[in-house]
Amino acid sequence: MALIITSPLRGWAAPLDSVPDPVFAQRMMGDGVAIQPLADTVCAPFDGEVVTLHEAGHAVSLRSDEGAEVLIHIGLDTVGLKGRGFTPLVAPGATVARGDPLIRFDMDAVALGATSLITPVIVTNAEAFTITRRTMGRAIGAHEELMALAPARTQPRRWSDDGTVIEERVTLILPHGIHARPAARLGECARQFEAEIHLLHGDKRGDARSTVGLLALGTRLGDELVVQARGSDAEAALAAIVALLGSDMGEGAPAHAPAIAVPAAPVLQPGQIGGVIASPGLAMGPAVRLRQTAIAVEREGKGVDAERTALDAARTEVRVRIGARADAAGGSVAAVMRAHLALLDDPELAAGAETRIAAGNSAGYAWRGAVHDQIAALKATGNAHLIERTDDLVDIERQVLGVLTGIPAEADAIAAGAILVADDLLPSQLVSIAASKPAGICLVRGGPTSHVAILCAGMGLPALVAMGDAIEAIEDGTALLLDAEAGHVTPDPSQADADAFAARLAKREARRDAARAAAGNACQTADGVRIELFANLGTVEDAKAAAAQGAEGSGLVRSEFLFLDREDAPSEDEQHAAYQGIADALPGKPVIVRLLDVGGDKPAAYIPFDAEENPALGLRGIRVGLAHRDLLETQIRAILRVQPVGQCRIMLPMVASVSEIRAVREVVERLRGEMGIETPIEVGVMVETPAAAITADLLAAEADFLSIGTNDLTQYVLAMDRGNPAVASGVDAMHPAVLRMIAETCRRATAKGRWVGVCGGLASDPAAVPILIGLGATELSTVPGFVPEAKAIVRSVTLADARDHAERALHCSSAAEVRALARAFEEKNA
């Protein structure tokens, strides 16, 4: 009768070959299955006894009532954590029943300190049992069948013995004693000889061929062991084992964790004010406070017809003004302006104002009341992304009231080169202020993903947000050094600090000028490794700007710009015209169109979304397309029509499983056949979820390429809502946990022969570019204006230096440490 081994925890079951450690992948310790954990508690896989529990709490071995010995090893290189993040729930010698909890671990803490969370489940006495079936390549729940074992039918080992036992003492220099990896190497060595070999530690005795027996010795650095051998080749066996025990077996300085000095995270100097980087860069200049005049309105109207006429005229004037800005600006500014036009013409706003005017209220009072009704409705959702849209409603409110009352709704012009200090900014205010060419922006509130932050990044305007009350105390005219790379402002700097900052700024500008001059050249590292430099686009205007900046294609076309802020979905012809325009603006260059990415923070009026407790984890991304096949097929047909065929590639947003890409691939192939298109169309996926990152090898078997969206990946890895100002300061894609997800994605996909790009905000961060290349990204897609500088950064480093730098970043303990490391790297390579 088969012995059933159940899964000790919930996760994704995978073959041992996928474990990035030869000890497990080459089955030196035994055979089994690996699990990528999705839960934090390891449970007993059968009824039996706890044989060993490592003092670091990361590994436990058990023996079933039938004699099967199984090792559960949580993560890789976790012995070095020395127990941090692990809570043992049993002790050696304990009798357990299937399903009893054994160890609980902090997934975040362990993931940050380990090479990988992947957890091998190994049958260590493989000579006694054979695995007859195993579960792999799918999700598995705790207590579901993982493996079935049957007694092995092997001949007993034959060896000669004259009864002589020889022995030798050895002192352990293994940093963590004999844990799983050294035990595997000792077992592999012992199996090369016929002799019986045992290790003695005090009154404990372990067979050198038995992983569990060696783990049960409970050894530590400096312990003295006795090695005994008995048999015809005992002398050779003893010498080999003693020699192995006399080394550190590579445990002293693992290859994945070089002995490096990581710069300490920066500490704010006295007087400096910290903030969250919304748009990177450097600026110096005098502080200018935003002066906003409160707009008061009369409650009583002067007649229904007069008030209705006044409101219509005000909305028309604002509509014309916003439309002119959209036409003149293009790009991200135009996208925000179009959103404001949609709000201005929102029928519910108009109806709410009309009701109040009919009740005798003034146009201003009616408009303000209607707007605040909508703001209250958005706040009632509890959705931080939707609540962020209230700024746009306040913006529209002020603009219309400004026309009705004659009081300027927008900010006054400021002196060129000044640094604007404000509580917060409305998008229209920023657009108005930008015309004055300020040097930078400092905000008391705000978030790194607000419309204002997006606009600043598109304009190349350095900006810090979420700076708190300290920045509010800054007076007009105060000299400021704005470092939106280190994340702080220095008020009233000394002359020496100001001179040093000015020199740094001048050097940066000189580099940018040189970068612009060489923007048209192909991008490669200093040692000749090709890195493609693409641009993120939303419109044809963006595409033209990107081409002028030397972009080699588009790594992300945000197709949702066609779908949002309207009452019905765009037609196939409308979509085709937009995609064709972008392709024409980038002749002969790849254009990657992201399929409709709505839901969560981007609702569409014509797509019914049920109320969701957590929209960020609900119906969004490719899930929307698969739930609304008519929208999906219309969009794919529009993309397939673009000429020349194949220039446009298709990319799936928010992928979490292989089944999603298979479903979309089936639609693409069917439509390609119906349309008579013979040219293959590349289909790729965005890696924005931990699930996609950790199964990148599985996705790579189905997709033509992978592109990492760092904005969403960061919020999902860190469990921090990127639209919530309360946690804005912690949402940094340079966090080592996020970088490790990127590294894992690149490693897994590259092993399957697929290229990996980065199209999220991190690709537009100068400090991150060398790290991303070092982690394995071969394509970066940035905001159009950053393309020349990104190319220059790539050309300044060798791949070997980038890899070494990235390796150091992976072993930092915080985003602040990574950024300090990046600044040191930049200074060294400047």
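The preceding data block contains the structure.
Quick caveat, the model's predicted, so the values are computed rather than measured.

A. Quick look at the environment of phenylalanine 501. On the secondary structure map, phenylalanine 501 appears in helix α15 (residues 495-517). Note on phenylalanine 501: relative accessible area 8%, which makes it buried. For the pair formed by phenylalanine 501 and leucine 481, sequence separation is 20 residues and the distance between their alpha carbons is 7.4 Å. If near-sequence neighbours (up to four positions away) are discounted, phenylalanine 501 is found in contact with Leu282, Ala283, Met284, Leu481, Leu482 and Asp483.

B. Layout of the sheet that holds strand β4 (residues 41-43). Taken in spatial order, the 3 strands make up an open sheet running β4-β10-β8, and their pairing is antiparallel. What marks the edges here is a single partner per strand, and that holds for β4 and β8 (86-88). Adjacent strand axes in the sheet meet at a mean angle of 20° when their direction is disregarded.

C. Summary view of the nonpolar core. Of all hydrophobic cores here, the largest spans 98 residues; its most connected members are Leu595, Ile636, Ile650, Leu652, Leu706, Leu739 and Ile742. Of the residues forming this core, the biggest block, 8 residues, is contributed by helix α24 (residues 736-751). In this view, leucine 739 contacts Ala733, Met734, Leu762, Ile771, Leu775, Ala809, Leu810 and Val818; residues no more than four positions away in its chain are not counted. Judged by nonpolar contacts, the second largest core, of 43 residues, contains Leu290, Leu343, Leu393 and Ile414.

D. Layout of the pattern of salt bridges. This model, assessed by the stated rule, comprises 44 salt bridges. A salt bridge links glutamate 485 to arginine 504, with the nearest nitrogen and oxygen atoms 3.5 Å apart. Within this pair, whereas glutamate 485 is found in the loop between β25 (479-483) and β26 (488-491), its partner arginine 504 is found in helix α15, the two being separated by 19 residues in sequence. The salt bridge partner of aspartate 732 is arginine 819, with a shortest N-O separation of 2.9 Å. Of the two residues, aspartate 732 is situated in the loop between α23 (710-718) and α24 and arginine 819 in helix α28 (residues 815-829); the sequence distance between them amounts to 87 residues. Across the pair, arginine 819 and aspartate 732 agree in class, each one buried. Sharing partners across several salt bridges, the network here consists of Glu572, Asp573, Glu633, Arg637, Arg641, Glu666, Arg670 and Glu674.

E. Spotlight on the pairing of strand β34 (residues 779-782). In β34, alternate side chains face the same way, and those of Glu779 and Ser781 on one face and Leu780 and Thr782 on the other are all buried. Of the pairings in the sheet, the one linking strand β27 (residues 532-537) to β34 comprises 4 bridges and is parallel in character. Bridge pairing links glutamate 532 to glutamate 779 in β34. In terms of strand pairing, strand β33 (residues 755-758) meets β34 through 2 bridges, oriented parallel.

F. Looking closely at unusual backbone geometry. The residue after glutamine 643, namely proline 644, is reached through a cis peptide bond having omega -5°. Along the polypeptide, proline 644 turns up in the loop between α19 (629-640) and β30 (648-652). Phi angles above zero are rare outside glycine, and aspartate 77 is one such case at about 60°. Position of aspartate 77 relative to the elements: it lies in the loop between β7 (69-73) and β8. Taking relative accessible area as the criterion, aspartate 77 reaches 19% and is therefore assigned buried.

The rules behind these values
- Residues numbered from 1 in each chain as written.
- Predicted model: local features only at pLDDT ≥ 70, side-chain atom pairs only at ≥ 80, totals over all residues.
- Heavy atoms only, no water.
- Helix = DSSP H or I, 4+ residues; strand = E, 2+ residues; numbered from the N terminus.
- Buried < 20%, exposed > 50% of the residue type's maximum accessible area, 1.4 Å probe, protein only.
- Contact = heavy atoms within 4.5 Å.
- Pairing = 2+ DSSP bridges.
- Axes fitted to C-alpha atoms, helices over the stretch in contact; angles between N-to-C directions.
- Core = buried A, V, L, I, M, F, W, Y, C linked by side-chain atoms within 4.5 Å.
- Salt bridge = Lys/Arg side-chain N within 4 Å of Asp/Glu carboxyl O.

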